[in-house]
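Residues per chain are reported as follows:
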Amino acid sequence: MKKTLAAGAVAALSATGMLVSGSDAFAINRVTCNENGYTWLNSTDTTCWANRGTIGVTLYGVYSVSSGNNTGWVASPSGYVDFPQKWNIYQFSSRRIDTIHIN
Amino acid sequence: MRRARVIRLAVLAAVAAVTATGCGAETEPPVGSIDVITRETQISRPIDGYLPSGEQLRQLWQVRGAATTACYAEHGTPGRTNVPPDLAARLRIQRQEDVTRTRLYGFFGPEDARSRGYGSAFEGQRNLEMPAPWSRPEVVRQCEKAGSEAIGDLTLVTDERILPDGGPPSATNDSRVTEAVSKWSACMTRAGYPYQRPIDPLIDPKWQRPISTQKGEGPPATPAEIAAATTDIGCKLDTNLVGVAVAVQSAYDRRYIAAHADALSRFKERLLGYTRTGTT
């Protein structure tokens, strides 16, 4: 049922010309960790991310997210961890992250 | 003669560069009357009317989520969703916090400061971990991408950054705002909190209380944090920092709206297109 609904929605969007392939000038990208407005994925090899969108990554041993001026979620094979509030730190058990999404 | 021509060309090139980069539009816009703001409910901006409604955002989340779920099912992982169960409440709180926690004037929640310090209305409300059936990493990447593409890679931030060109420029560096910030900073310093920028207390490690994503909450605010937050609010009231900042930002909003009339119209149509076809 959900699949049919989603396929219908996507088809409708295609038909109305609403599908836009992603060349967003503000697309999410990795940045140097020198600004607390960025989203920090903390691990022994901390990475930082700016702008908005979804990106596939492979980051091992991530144990917290400092949201910066952003909200979003990270996905691992076992599910999602939300960071729904700007300017906060979210802690969780260490895990591999496969996808980062910044709203 | 040749040297004079080179100089003329250089001057013309410099003028063209300034024009091309839009530096000519970077003058500070005129500001109208400045209201005295003592509560967050008084805060409104011209750009607010151009933002998608909470219901539109919820529908966009649903369209994206349905496409993602369908992709997972196609790859042998049925029932995996990235849409949180309390989405509507979450969007409502995010919208509130777009007003009460900003880089422009920092934290401004006079009531919350007395009970939660710099803490958030999110605390204790939800489990922030959403388990999902296992899926291969390449499938996770592919399906999350498919979800985003289903809404044209529109990113669903609740604030003005969702708008064309990232919304109005921030007034943070406007001289009228920096002057008000200086007064606020002096007030805070006199009270024993030597912060330079309004955002500084919000990101001060002393007041950061990491939230456990399993419990959805962190430790409670300490009396010291509550004292800092209430002092912060007091200084903002004394200097009317929020009133000045909102008035100046509104001037930037108006200039952006005038310069982006067509783009904002197209954006509105684009949103309507998605939400008309959205799932519930």
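Residues numbered from 1 in each chain as written. Chains lettered and ligands numbered in written order. Predicted model: local features only at pLDDT ≥ 70, side-chain atom pairs only at ≥ 80, totals over all residues.

### A closer look at the overall build of chain B
Thought 1: Helix and strand counts for chain B come out as ten helices and four strands.
Thought 2: Put simply, of all contacts in chain B between residues at least 6 apart along the chain, 83% involve residues at least 24 apart. (Helix = DSSP H or I, 4+ residues; strand = E, 2+ residues; numbered from the N terminus. Contact = placed C-beta atoms within 7 Å.)

### Quick notes on the pairing of strand β7 (residues 89–102) of chain A
Thought 1: Pairing analysis gives nine bridges linking strand β4 (residues 53–66) of chain A to β7 of chain A, with the strands arranged antiparallel. Among the inter-strand pairings, Val 62 of chain A is bridged to a residue of β7 of chain A, identified as Arg 95 of chain A.
Thought 2: Here strand β5 (residues 72–76) of chain A pairs with β7 of chain A via four bridges, running antiparallel. Across the sheet, Trp 73 of chain A pairs through a bridge with His 101 of chain A, a residue of β7 of chain A.
Thought 3: Pairing geometry for β7 of chain A and strand β4 (residues 211–212) of chain B, over two bridges, is parallel. Along β4 of chain B, the bridge assignment pairs Tyr 90 of chain A with Ile 211 of chain B. (Pairing = 2+ DSSP bridges.)

### Side note on the confidence of the model for chain B
Residue and element names in this part refer to chain B.
Thought 1: Put simply, chain B has an average pLDDT of 87, and 88% of its residues get 70 or more.
Thought 2: Confidence drops under a pLDDT of 50 for residues 1–24, and excluding neighbours within four residues, the segment shows three contacts in the predicted structure.
Thought 3: For this predicted complex, the interface confidence comes out at an ipTM of 0.74, alongside a pTM of 0.80. (pLDDT = per-residue confidence, 0-100.)

### Brief notes about unusual backbone geometry
Thought 1: Positive phi outside glycine occurs at Trp 87 of chain A, with the angle close to 55°.
Thought 2: On the secondary structure map, Trp 87 of chain A appears in the loop between β6 (79–83) and β7.

### Brief notes about helix α5 (residues 137–150) of chain B
All names here are of chain B.
Thought 1: With 14 residues, α5 extends 20 Å between its outermost C-alpha atoms, agreeing within 8% with the 20 Å of an ideal straight helix rising 1.5 Å per residue.
Thought 2: Every buried residue of α5 is accounted for by Val 140, Cys 143, Glu 144, Ala 146, Gly 147, Ser 148, Glu 149 and Ala 150.
Thought 3: Immediately beyond the C-terminal end of α5, within one or two residues, lies Gly 152, with a positive phi of roughly 60°. (Expected span 1.5 Å × (residues − 1). Buried ≥ 20, exposed ≤ 12 C-beta atoms within 10 Å, placed from the backbone.)

### With respect to the pairing of β5 of chain A
Residue and element names in this part refer to chain A.
Thought 1: Where burial is concerned, most of β5 is hidden: five out of the five residues are buried.
Thought 2: Burial of the side chains of β5 extends over both faces: Gly 72, Val 74 and Ser 76 are buried on one face and Trp 73 and Ala 75 on the other.
Thought 3: Where β5 lies against β6, five bridges are found, and the strand directions are antiparallel. Its bridge partner being in β6, Gly 72 is matched across the sheet by Phe 83.
Thought 4: Taken together, β5 and the strand that follows it, β6, pair antiparallel across an intervening segment of two residues.

### Some details on the nonpolar core
Thought 1: Core analysis: the biggest nonpolar cluster contains 47 residues, and Val 74, Val 81, Tyr 90 and Ile 100 of chain A together with Leu 60, Val 63 and Ala 67 of chain B have the highest contact counts within it.
Thought 2: Sorting the residues of this core by element identifies β3 (47–50), β4, β5, β6 and β7 of chain A together with α2 (54–74), α5 and α10 (261–276) of chain B as the ones contributing at least two each.
Thought 3: Among the elements that take part in this core, α2 of chain B stands out by supplying nine residues, more than any other.
Thought 4: Among the nonpolar cores identified, the runner-up in size contains 32 residues, and Ala 171, Ala 180, Trp 207 and Ala 228 of chain B belong to it. (Core = buried A, V, L, I, M, F, W, Y, C linked by C-beta atoms within 7 Å.)

### Considering the packing of helix α6 (residues 175–190) of chain B against helix α9 (residues 241–259) of chain B
All names here are of chain B.
Thought 1: Contact geometry for α6 and α9: axes closest at 9 Å, N-to-C directions at 170°. By the angle between their axes, α6 is roughly antiparallel relative to α9. In this structure, α6 contributes Arg 176, Val 177, Ala 180, Val 181 and Trp 184 to the contact, and α9 contributes Leu 241, Val 244, Ala 245 and Val 248.
Thought 2: Broken down by class, the residue content of the contact of α6 with α9 amounts to eight nonpolar, no polar and one charged. (Axes fitted to C-alpha atoms, helices over the stretch in contact; angles between N-to-C directions. Parallel < 35°, antiparallel > 145°, perpendicular 65-115°, else oblique. Nonpolar A, V, L, I, M, F, W, Y, C, P; charged D, E, K, R; others polar.)

### Re the environment of Ile 97 of chain A
Residues and elements named next belong to chain A.
Thought 1: Along the chain, the position of Ile 97 falls in strand β7.
Thought 2: Between the C-alpha atoms of Ile 97 and Gly 56, which are 41 residues apart in sequence, the distance is 8.7 Å.
Thought 3: For Ile 97, the contacting residues outside a window of four places in its chain are Leu 41, Val 57, Leu 59, Val 62, Val 74 and Ser 76.

### Topic: the confidence of the model for chain A
Thought 1: With 75% of its residues at a pLDDT of 70 or more, chain A shows a mean pLDDT of 78.
Thought 2: Of the regions scoring below 50 in pLDDT, residues 1–25 of chain A engages in 42 contacts with residues more than four places distant in sequence or in other chains.

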